[in-house]
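Breakdown of the fold
Take a look at the letters that make up each chain.
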Amino acid sequence: MVKKDIASYSLDKLTAQLLQFEVKKYRSKQVYEWLHDKKVVDFAEMSNIPLSLRTKLNDAFYINDIKIARKLESSTENTVKYLYRLMDGNYIETVLMDYKHGNSLCISTQVGCRMGCRFCASGESGFVRNLAPSEMLSQIYETQRESGAVVNSVVLMGIGEPLDNFDNTIDFLKLLSFETGKNMSLRRVSLSTCGLVPEIYKLAELRLGLTLSVSLHAYNDEKRNRLMPVNKKYNISELMKSCKYYAEKTGRRISFEYAVIAGENNSEEDADGLLRLLSGINCHVNLIPVNQAKEQGFKATKKDCEDFLSMLSRGGLNVTIRRTLGADINAACGQLRGQLYKKPLNDM
């Protein structure tokens with residue numbers, strides 16, 4: 001018998017699964033509470049569940065359990081990066097960040113990434129597989145257990161493209177916001193996408209209340225094609241239509257991420273183009289100094305970002321420079337996992 005991932009089920013689906021054992025309905029709620037309230041990783045810990053049922057559960061299901069392979073703590077900010085080992089031996093990254101409004105956790109949604117953005121380390125070793133809903137939740141549960149910190153908000157901006165793993169991501173969000181367990185308002189969740197247009201429309205229809213964060217990085221197709229291969233499939237015109245639809249359908253302001261790359265996308269022409277492109281959209285722009293750990297020669301100084309911000313601000317755009325955390329611990333997504341393919345983990 002192939003065991004099933006029990007912690008990825010909603011309460012209704014779990015109840016349906018347990019019908020095979022002819023148990024009373026309240027047992028399903030007890031099991032669900034053990035998984036998502038008490039956050040156990042072993043059926044033996046479910047002390048109010050009869051031994052006979054625990055044995056059957058163990059025979060039919062497994063509880064996804066992730067282990068810390070490496071932990072890096074920033075010496076300059078309250079930022080901690082975790083390299084987690086999954087049950088199948090793959091690795092993902094999670095970053096805990098301390099802000100004034102509380103602790104935010106940046107989680108991964110895939111092992112690797114197929115999007116191929118030139119400035120991002122997440123997809124350097126290619127795409128391996130999607131994460132299950134329980135593996136996304138486990139990043140929150142294990143980080144809270146290890147750190148003792150309460151996670152107040154979640155950012156789906158780690159390794160992978162969340163909308164490329166659409167169904168599992170939506171199931172994760174429903175589990176995250178369910179009253180038993182984390183019970184987090186989805187207004188405290190930000191989902192980052194490189195621009196999968198059909199999925200943006202699908203997400204808008206769900207009206208989940210989360211913040212959509214779109215990786216833009218250029219105002220025209222010529223430049224964005226070079227930086228982000230996805231633009232060749234869904235160009236900027238199509239992307240902007242889907243973003244406007246999302247904002248109108250949900251009433252939520254969209255966040256546009258813009259990695260400033262000196263000499264590539266930070267000229268007066270770029271600023272004017274971006275102002276025209278975003279005119280009329282309820283949005284905010286986050287400027288990010290490009291990740292300089294890569295080997296493409298991309299770079300940006302603090303002054304590059306400040307100068308570009310001034311150009312955009314003069315045009316009336318709502319824009320800020322995103323606070324960069326954890327630079328001393330390679331906190332940009334994909335960097336720590338990428339080291340595994342360069343040298344053994346125990347040599348790092």
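What you see as residue numbers is a count from 1 along each chain, following the sequence as written. A pLDDT threshold of at least 70 governs which residues receive local features in this predicted model, and a stricter bar of 80 or more applies before side-chain atom pairs are shown or counted, although totals over entire chains, interfaces and linings include all residues. Side-chain measures were taken over the full set of non-hydrogen atoms in the model, leaving aside hydrogen atoms and water.

**Comments concerning the nonpolar core**
One broad rule of soluble globular proteins: the nonpolar side chains tend to lie buried together. Definition in use: Residues grouped as a nonpolar core are buried Ala, Val, Leu, Ile, Met, Phe, Trp, Tyr and Cys residues, joined through side-chain atoms within 4.5 Å. Accessible area is worked out with a 1.4 Å probe on protein chains only. A residue is then buried under 20% of its type maximum, exposed over 50%, and partly exposed in between. Note on contacts: a residue pair qualifies if any of its non-hydrogen atoms lie within 4.5 Å across the two residues.
In this structure, Phe256 and Leu278 are the most contacted members of the largest nonpolar core, which totals 97 residues. For Leu278, the residues in contact, after removing those within four places along its chain, are Leu216, Met240, Phe256, Cys283, Val285 and Leu317.

**Side note on helix α2 (residues 25-36)**
We apply this condition: Helix numbers and strand numbers start at the N terminus; a helix is a DSSP run of H or I with at least 4 residues, a strand a run of E with at least 2. A helix is expected to span 1.5 Å for every residue after the first.
When the terminal C-alpha atoms of α2 are compared, their 17 Å separation across 12 residues agrees well with the 16 Å that a helix rising 1.5 Å per residue should span. Buried residues of α2: Arg27, Ser28, Gln30, Val31, Tyr32, Trp34, Leu35 and His36, and no others. Buried residues in α2 make contact with α1 (11-17), α3 (51-60), α4 (133-147) and α5 (166-177).

**Notes on the side chain of Ser215**
Along the polypeptide, Ser215 turns up in strand β11 (residues 211-215). For Ser215, a relative accessible area of 13% gives the class buried. With residues up to four places along the chain from it excluded, the contact list for Ser215 reads Ser192, Thr193, Cys194, Arg224, Met228 and Glu257.

**What to know about the packing of helix α9 (residues 268-277) against helix α10 (residues 302-314)**
Selection rule: Axes here refer to lines fitted to C-alpha atoms; in helices the fit is confined to the stretch in contact. Angles between the N-to-C directions go from 0 to 180 degrees. For classification, angles of less than 35 degrees are called roughly parallel, those exceeding 145 degrees roughly antiparallel, those between 65 and 115 degrees roughly perpendicular, and all remaining angles oblique. Throughout, a crossing is termed right-handed when the near helix is turned clockwise from the far one, and left-handed when it is turned anticlockwise from it by less than a right angle. Just so you know the grouping, Ala, Val, Leu, Ile, Met, Phe, Trp, Tyr, Cys and Pro go in nonpolar, Asp, Glu, Lys and Arg go in charged, and all remaining residues, Gly too, go in polar.
Look at α9 against α10: their axes get within 9 Å of each other, and the N-to-C directions meet at 40 degrees. Viewed along their axes, α9 and α10 adopt a mutual orientation that is oblique. The crossing of α9 and α10 is right-handed. Packed against α9, whose contacting residues are Glu268, Asp270, Ala271, Leu274 and Leu275, the element α10 presents Phe308, Met311, Leu312 and Arg314 at the interface. Residues of the contact of α9 with α10, tallied by class, amount to six nonpolar, no polar and three charged.

**With respect to the pairing of strand β3 (residues 67-73)**
Regular strands show a simple pattern: their side chains alternate between the two faces of the sheet. Selection criterion: DSSP calls a pair of strands paired once it identifies at least 2 bridges connecting them.
Examined bridge by bridge, β3 and strand β4 (residues 79-85) share six bridges and lie antiparallel to one another. Directly across from Glu73, in β4, lies its bridge partner Val80. In this structure, the hairpin formed by β3 and β4 is closed by a connection of five residues.

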